[in-house]
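Analysis of the macromolecular model
Single-letter residue listing:
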Amino acid sequence: MDTPEQLREHQARMGWKFPLLSDTQGEAVRAYDLLHRVSDEQVVSRPGEFLVDPTGTVRWVDLTEDYRVRARPETLLAAFDRVNAMPR
Amino acid sequence: MELITRRRNFLPLAGFLVCLVAALSYFFFFYQFPVTRDLPWTAWLLFALGLGLLGAGLARAFRRRDVYRGRVTGSILAVLSLALLGLFVFATTIGSRQMPAAEGAPKVGEKAPDFTLQDTQGRSVRLYDLLGPAAGGSGPSSSWAVLVFYRGYW
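Residues numbered from 1 in each chain as written. Chains lettered and ligands numbered in written order. Predicted model: local features only at pLDDT ≥ 70, side-chain atom pairs only at ≥ 80, totals over all residues.

Moving on: the domain arrangement of chain B. Under the domain assignment used here, chain B contains domain 1 (11-97) and domain 2 (105-154). Each of domain 1 of chain B and domain 2 of chain B was reduced to a C-alpha centroid, and the two centroids are 45 Å apart. (Domains from an automatic or database assignment.)

Written out as structure tokens, the structure is:
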């Protein structure tokens, strides 16, 4: 898992404005059941994306089956529009 | 008796190098763009070109062995290129799918587990605070959130 320093470098290089959070103990990764032990020494996160509404409810999930293939921004934005159009 | 010097055959080496470029360019360049990452068609095209050059090179090394060199080195390069292709196919079909199922991940309609983690400035960030009072957090306003868990080092 990336440390805050590694994330800072990444953020500086890519110019991202959104928060990057460091989960070196795997606290969030475990809570979301995304822990992936790749070897005896190495643990990573399985990729996953969650759209969460202001009540904390998950409204859309993308759990890719291939870690090379991730949800595109258009897909997420379309999902957001769709769930916002639904009556609560 | 005539001593005929056979010509050097650069095609097998060119073919192998193109195959090498096919694999390396995918992981170091084309990987950045979803349109070339999701389906590695640039690598397929380059592998096809590389194997074509190898085929042409081996063909003239074997069929016109009086004119062209390269039967041995060409064969070795062909084996290496096929091994490289095999590794590439494995990495991009089976290898990148080796992941746990994440059956315990929150589903649509379920509550997203809260967490508190450090951001790049060392500040503590709590999910429910970002979401606001409707989630039980102490933030001033209500907001949606997108959580992106990534593998790290691709």
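Turning our eyes to something else, we now look at the sheet that holds strand 2 (residues 124-126) of chain B. With antiparallel pairing, the three strands of this open sheet are ordered in space as 1(A)-1(B)-2(B). Either end of the sheet is taken by a strand with one partner, and the two such strands are strand 1 (21-22) of chain A together with strand 2 of chain B. With three bridges joining them, strand 1 (residues 116-119) of chain B and strand 2 of chain B adopt antiparallel strand pairing. Looking at the pairing, Gln-118 of chain B lines up with Ser-124 of chain B of strand 2 of chain B. (Pairing = 2+ DSSP bridges. Helix = DSSP H or I, 4+ residues; strand = E, 2+ residues; numbered from the N terminus.)

Contacts between the two partners involve 43 residues from chain B, matched on the other side by 45 residues from chain A. Sorting the residues of the side of chain B that touches chain A by element identifies helix 2 (34-37), strand 1, helix 5 (127-131) and strand 3 (145-149) of chain B as the ones contributing at least two each. Among the elements that make up the side of chain B that touches chain A, the one with the highest residue count is strand 3 of chain B (five residues). Here the side of chain B that touches chain A is composed, by residue class, of 23 nonpolar, eleven polar and nine charged. Pairing between strand 1 of chain A and strand 1 of chain B: two bridges, direction antiparallel. Opposite Ser-22 of chain A, over in strand 1 of chain B, you have Gln-118 of chain B as the bridge partner. (Contact = placed C-beta atoms within 7 Å. Nonpolar A, V, L, I, M, F, W, Y, C, P; charged D, E, K, R; others polar.)

Quick look at the pairing of strand 5 (residues 58-62) of chain A now. All names here are of chain A. Of the strand pairs in this sheet, strand 4 (residues 48-52) and strand 5 are connected by four bridges, and their pairing is antiparallel. Following the sheet pairing, Leu-51 is matched in strand 5 by Trp-60. As consecutive antiparallel partners, strand 4 and strand 5 are separated by five residues, and within that stretch Gly-56 has a phi angle of approximately 90°, a positive value.

What follows is about the sheet that holds strand 3 of chain B. Spatial strand order, 5(A)-4(A)-3(B): three strands in an open sheet with antiparallel pairing. The sheet is open, and its two edges are formed by strand 5 of chain A together with strand 3 of chain B, each paired on a single side. Sheet twist, expressed as the mean angle between neighbouring strand axes with direction ignored, is 15°. Docked against the sheet, helix 3 (residues 73-85) of chain A engages strand 4 and strand 5 of chain A together with strand 3 of chain B, running at close to 30° with respect to strand 4 of chain A. (Axes fitted to C-alpha atoms, helices over the stretch in contact; angles between N-to-C directions.)

What follows deals with the confidence of the model for chain B. Scored by pLDDT, chain B has a mean of 92; 96% of the residues are at 70 or more. Quick note on the complex model: pTM equals 0.84, ipTM equals 0.91. (pLDDT = per-residue confidence, 0-100.)

With that out of the way, let us pick up the domain arrangement of chain A. Along its sequence, chain A is carved into domain 1 (1-46) and domain 2 (47-88). Between the C-alpha centres of domain 1 of chain A and domain 2 of chain A the distance comes to 20 Å.

Let us now look at unusual backbone geometry. Positive phi outside glycine occurs at Asp-33 of chain A, with the angle close to 55°. Under the C-beta neighbour-count criterion, Asp-33 of chain A is labelled partly exposed, with 17 such atoms within 10 Å. A positive phi angle is found at Ala-102 of chain B, which is not glycine, with a value near 60°. Counting through the fold element by element, Ala-102 of chain B comes out in the loop between helix 4 (71-93) and strand 1. (Buried ≥ 20, exposed ≤ 12 C-beta atoms within 10 Å, placed from the backbone.)

Core analysis: the largest hydrophobic core is formed by 17 residues, its most contacted members being Tyr-32, Phe-50 and Val-52 of chain A. Looking at this core, the elements that each hand over two or more residues are helix 2 (27-31), strand 4 and strand 5 of chain A together with helix 5 of chain B. Residues Leu-11, Phe-16, Ala-43 and Leu-46 of chain B belong to the second largest nonpolar core, which totals 16 residues. (Core = buried A, V, L, I, M, F, W, Y, C linked by C-beta atoms within 7 Å.)

Residue position: Thr-64 of chain A is located in the loop between strand 5 and helix 3. Look at Thr-64 of chain A and you get partly exposed, because 17 C-beta atoms sit within 10 Å.

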